[in-house]
Amino acid sequence: MSVSVDKNLCIGCSACVSLCPKTFKMNEDEGKAEVIASGDATCAQSATDACPVQAIAVR
């Protein structure tokens, strides 16, 4: 499984971080989400579904 965040789409709302803090974190310099682990497919899919701008992809 691969998880990615499109930083061009990400608006920094941190919904993904709230739902999956072991998978995502906020990049302090950019103010956008980034992937730190990709082991929990269920959690990553929940974050994908919650992203208001569809910036997260799970493959």
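In this text the structure is predicted, and so the values were computed from the model without any measurement.

**Q** Give a description of helix 2 (residues 41–50) that names residues and reports values.
**A** Of all the positions in helix 2, only Cys-43, Ala-44, Ala-47 and Thr-48 are classed as buried. One side of helix 2 carries all its buried residues, which in axial view fall inside an arc of 145°. Away from its buried face, by an angle of more than 90 degrees, helix 2 presents the exposed residues Thr-42 and Asp-49. For helix 2, the elements touching its buried residues are strand 1 (3–5), helix 1 (15–19), strand 2 (24–27) and strand 4 (56–58). Two to three positions downstream of the cap, the backbone nitrogen of Thr-42 sits 3.3 Å from a side-chain oxygen, assigning the N-cap of helix 2 to Asp-40.

**Q** So what's going on with the pairing of strand 3 (residues 32–35)? Which residues, and what values?
**A** Note: strand 2 against strand 3, four bridges, orientation antiparallel. Bridge pairing in strand 3 links Phe-24 to Val-35. The antiparallel pairing of strand 2 with strand 3 creates a hairpin that spans four residues between the two strands, and Gly-31 there sits at a positive phi of about 70°.

**Q** Give a detailed account of the environment of Val-17, specifying residues and quantitative values.
**A** Residue position: Val-17 is located in helix 1. Leave out the neighbours within four places in its chain, and Val-17 touches Phe-24, Lys-25 and Met-26.

**Q** Hey, could you go over the nonpolar core for me, with residue numbers and the actual values?
**A** Membership of the largest hydrophobic core comes to 13 residues, with the highest contact counts inside it found for Val-5, Cys-16, Phe-24, Ala-47 and Ile-56. Those elements giving two or more residues to this core turn out to be strand 1 and helix 2. With three residues, the single largest contributor to this core is helix 2. The residues contacting Ala-47, other than those within four sequence positions of it, are Cys-16, Leu-19, Cys-20, Phe-24 and Ile-56.

Conventions adopted
- Residues numbered from 1 in each chain as written.
- Predicted model: local features only at pLDDT ≥ 70, side-chain atom pairs only at ≥ 80, totals over all residues.
- Heavy atoms only, no water.
- Buried < 20%, exposed > 50% of the residue type's maximum accessible area, 1.4 Å probe, protein only.
- Helix = DSSP H or I, 4+ residues; strand = E, 2+ residues; numbered from the N terminus.
- Arc of directions from axis to C-beta.
- Contact = heavy atoms within 4.5 Å.
- Polar contact = N/O pair within 3.5 Å; in protein donor to acceptor, adjacent residues only side chain to side chain.
- Pairing = 2+ DSSP bridges.
- Core = buried A, V, L, I, M, F, W, Y, C linked by side-chain atoms within 4.5 Å.

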